[in-house]
Amino acid sequence: MSATVIHAAGLSKRYVRGATNSSGLLRDKLTRALRAPLKAWSGNKQETFWALKDVSLQVQEGEVLGLIGRNGSGKTTLLKILSRITRPSSGWAEIHGRVGSLLEVGTGFHPELTGRENAYLSGAILGMGKREITRKFDEIVSFAELEKFIDTPVKHYSSGMYVRLAFAVAAHLEPEILLVDEVLAVGDIKFQKKCLGKMGDVARGGRTIILVSHQLNQIRRLCHRTIWVDGGVLRQTGATAEVVHSYESAMSSRSEESRTAQQGVKARFVSWQIAEPVGNQPHRLDSVGPAEVSFQLEVNSPIGRAHQGIALFDMERRLMWAYSNDDLTLEVGVHDLRYKFPFLPLCPGSYTWQMSLWDETGNVDMWEALPELQVAIPNYQHARDEWNGFLNLPSTLSVSSRKG
Amino acid sequence: MSSVTSNPAITPRVSQQHTSIPTVRIEPMRGGLNLRLGELWRYRELLYFFVWRDVKVRYKQTAIGVLWVILQPLLSMLVFTLFFGRLAKLPSQGLPYPVFYFAALVPWLYFSMALVSVTNIMVENQRVITKVYFPRLILPVSAAISGLVDFAIGFVVLIIFTMSYGIRPGPTVLLLPLFLVLAFLTVLGIGLWLSALNALYRDVRYLIPFIVQFWMLASPVAYPSSMVPERYRWLYGLNPMAGVIDGFRWALTGHGQAPSTVLIASTAMVAVAVLGGLAFFNRMEGSIADRV
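These figures come from a predicted structure and were not determined experimentally. (Residues numbered from 1 in each chain as written. Chains lettered and ligands numbered in written order. Predicted model: local features only at pLDDT ≥ 70, side-chain atom pairs only at ≥ 80, totals over all residues.)

Draft legend 1. Examining the overall build of chain A more closely. Counting its secondary structure elements, chain A contains ten helices and 18 strands. Counting all 404 residues of chain A, 39% fall into the buried class. Looking at chain A alone, contacts between residues at least 24 apart form 72% of all its contacts between residues at least 6 apart. (Helix = DSSP H or I, 4+ residues; strand = E, 2+ residues; numbered from the N terminus. Buried ≥ 20, exposed ≤ 12 C-beta atoms within 10 Å, placed from the backbone. Contact = placed C-beta atoms within 7 Å.)

Dropping the structure here:
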């Protein structure tokens, strides 16, 4: 008999727009407080938005639930509320059982520490006790295939080794409820399969799992039931095959309303994929480049002197890069626009391409490319988070000295 | 902020179903001083790991490691002895200048360095904070504790140093842990405010050097608190570090007078700072993961 282990009702989360960058100074806050003592601290004038609106759900013991939806749809927010990282603005949830959350691979890793030390540290942060880690330690090391390097500082690890160790620790977490966000997207394919296998074992072991993923085949393989989150609300809940199917059709052919709006347009973008290197995942990048990305543009009537714009945004809608190519002549037919990048040093995460086409009369098409671009590589950056920037540049240092 | 009150009909039913399994209720932020001490206790191993990481990384990163921990108070002591002692000829409660300054610098350096690391700890751990849940209070507490390792090393040197001047600690030395606890609580009380503010406002970190510098001048590090006129002594004691440093010197050497007025004012102030700090930190805890 299965019992309800997660019960959520009316969960909503409101964020203040731009809270992270515009009002980040105490000086400003104090200045405002001096000018208008009452307004500054009650300050309700800020623009807010609902990342999650009135979400209710129940999860049964032993169930593997998938969460799908586009970037910014609220699925990560939902996961963060359920794992208690952030609090809801309203609504409530009750969780029965120990919760483990895997929102990132290598949470709490420190480059100066050895593999052994990091396994303990990361294990403790993820919720394991010292004795539990000691008991599972050999298993973790052999799962990660790192027997020889376990006492080497992880800063000397290759990215593959780093990910393997991080995942091995996470895979040995044994909470009653496991919340996983996209972490399976990292690492080489062989190791990913191993992890999926381990996750499958965990699921069969009666544990409850909520899995957020952009990789729909993963969702199909693992989840009994799937929820599609769209614009902060639950758009569809049901059997995985059904929900994934309707999500896919909505995503691949662009939404219904925009299709009717597209009737009789001169041209529109229809799809995109990573053309080079050819991997098994057309929307996933496993390196910092080189890479070639191609976009399919359907042209219905000839366009001369067109401008074609391309922009790349990250999950928080920050512009990473943009460019515009002018004076294109496009005949009727489907065109392949291929962008070649000698390097694409992006931090791990998901990104959105924005493609646009303009002619002399104005905008012809503007497309937020779907699915999103997934970047699945290690973060080659400073151990301190405040020193993490936009670029993910692998670097090596050599020191040479000259005499005299 | 809207808040949904708990539904009493649900909790008992479910807790009967799963007797041994913990039940967590997730709700919007509420004010108040609910510290969830039971939960803190359950996470004590994580606290240990944070302290352990801090200490380990610190000693791995600095090439001279332990040596630096000893050199820092020693060098400061030399400078103080030269300028405040030999040149300015400030009184030193009948103690040799080097002992007088060293005995103050060891607790002072613990305070100033621990305060800085407590202030920065939330920002330095923002990635962990946004990816995993644990009682956030663990982080500032761990930073205040890990500073004690440096303190312990400095303290051993201090004891040897004091004895080498022929000053044997008397029975008053038994009260020394009391002053250390007071210093720890001061770090925590002030640090909780600063670390939450630092996570919410980016410019707080630039204030810290000024705060620390100002604070040292307002503490009896370079001069004895007996220089402060008697009737202002209680006001002076509102700086908790005044009570700590006075008490520390007195407990170790037996010189100077037992801190009374100053200590009472300091203890009261620490209590206020810690309670206020806990309440403030608790209130801000919910928004920190959204802001950092």
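Still more to cover.
Draft legend 2. Local environment of the overall build of chain B. Counting secondary structure elements, chain B contains twelve helices and one strand. Taken from N to C terminus, the helices and strands of chain B fall in the order α-β-α-α-α-α-α-α-α-α-α-α-α. The buried share among the 292 residues of chain B stands at 40%.

Draft legend 3. Quick look at the interface of chain B and chain A. Facing 43 residues of chain B, the contacting portion of chain A comprises 47 residues. Broken down by class, the residue content of the side of chain B that touches chain A amounts to 21 nonpolar, nine polar and 13 charged. As defined by bridge partners, strand β4 (residues 90-96) of chain A adjoins strand β1 (residues 23-26) of chain B across four bridges and the pair is classed as antiparallel. Paired with Ile95 of chain A across the bridge in β1 of chain B is Val24 of chain B. (Nonpolar A, V, L, I, M, F, W, Y, C, P; charged D, E, K, R; others polar. Pairing = 2+ DSSP bridges.)

Draft legend 4. Highlighting the nonpolar core. Ranked by size, the top nonpolar core spans 140 residues in total, and within it Leu67 and Leu211 of chain A together with Val187 of chain B carry the most contacts. Examining the composition of this core, we find that 18 residues originate from one element, helix α5 (residues 97-124) of chain B, more than from any other. Excluding its chain neighbours within four sequence positions, the residues that come into contact with Leu211 of chain A are Val64, Gly66, Leu67, Val180, Ile219, Leu222 and Cys223 of chain A. Ranked by size, the runner-up nonpolar core spans 25 residues in total, among them Trp272, Val299, Ala369 and Ala376 of chain A. (Core = buried A, V, L, I, M, F, W, Y, C linked by C-beta atoms within 7 Å.)

Draft legend 5. Region of interest: the confidence of the model for chain A. Residue-level pLDDT values for chain A average 83, and 88% of them are 70 or greater. Considering only residues more than four positions removed or in separate chains, one finds that residues 255-262 of chain A, a stretch of pLDDT under 50, has four contacts. (pLDDT = per-residue confidence, 0-100.)

Draft legend 6. Quick peek at the packing of helix α7 (residues 138-164) of chain B against helix α8 (residues 176-200) of chain B. Residues and elements named next belong to chain B. Between α7 and α8, whose axes approach to 10 Å, the crossing angle comes to 140°. As judged from the angle between their axes, α7 and α8 are oblique. Handedness of the α7/α8 crossing: right-handed. Residues Pro140, Val141 and Ala144 of α7 touch α8, and the partners they reach there are Phe184, Val187, Leu188, Gly191, Leu192 and Ser195. Partitioned by chemical class, the residues of the contact of α7 with α8 number seven nonpolar, two polar and no charged. (Axes fitted to C-alpha atoms, helices over the stretch in contact; angles between N-to-C directions. Parallel < 35°, antiparallel > 145°, perpendicular 65-115°, else oblique. Left-handed = near helix turned anticlockwise from the far one by under 90°.)

Draft legend 7. Structural context of the sheet that holds strand β6 (residues 177-181) of chain A. Residue and element names in this part refer to chain A. If you walk across this open sheet you meet the six strands as β5-β6-β7-β3-β8-β9, and the pairing is mixed. Of all the strands in the sheet, just β5 (99-102) and β9 (233-239) have a single pairing partner and so form its edges. Taking each pair of neighbouring strands and ignoring which way they run, the sheet shows an average axis angle of 15°. Relative to strand β7 (residues 208-212), strand β3 (residues 64-68) runs parallel, the two being bridged by four bridges. Its bridge partner lying in β7, Val64 is registered against Ile209.

Draft legend 8. Layout of the packing of helix α4 (residues 66-87) of chain B against α7 of chain B. Residue and element names in this part refer to chain B. Their axes nearest at 9 Å, the elements α4 and α7 cross at an angle of 60°. Judged by the inter-axis angle, α4 sits oblique to α7. With respect to the hand of their crossing, α4 and α7 are arranged in right-handed fashion. Where α4 approaches α7, its residues Val66, Val69, Ile70 and Pro73 are matched on the opposing element by Asp150, Ile153, Gly154 and Val157. Of the residues in the contact of α4 with α7, the class split is six nonpolar, one polar and one charged.

Draft legend 9. Expanded view of the environment of His224 of chain A. By secondary structure assignment, the location of His224 of chain A is in the loop between α8 (216-222) and β8 (225-230). Apart from the residues within four sequence positions on either side, His224 of chain A is in contact with Glu63, Val64 and Thr240 of chain A.

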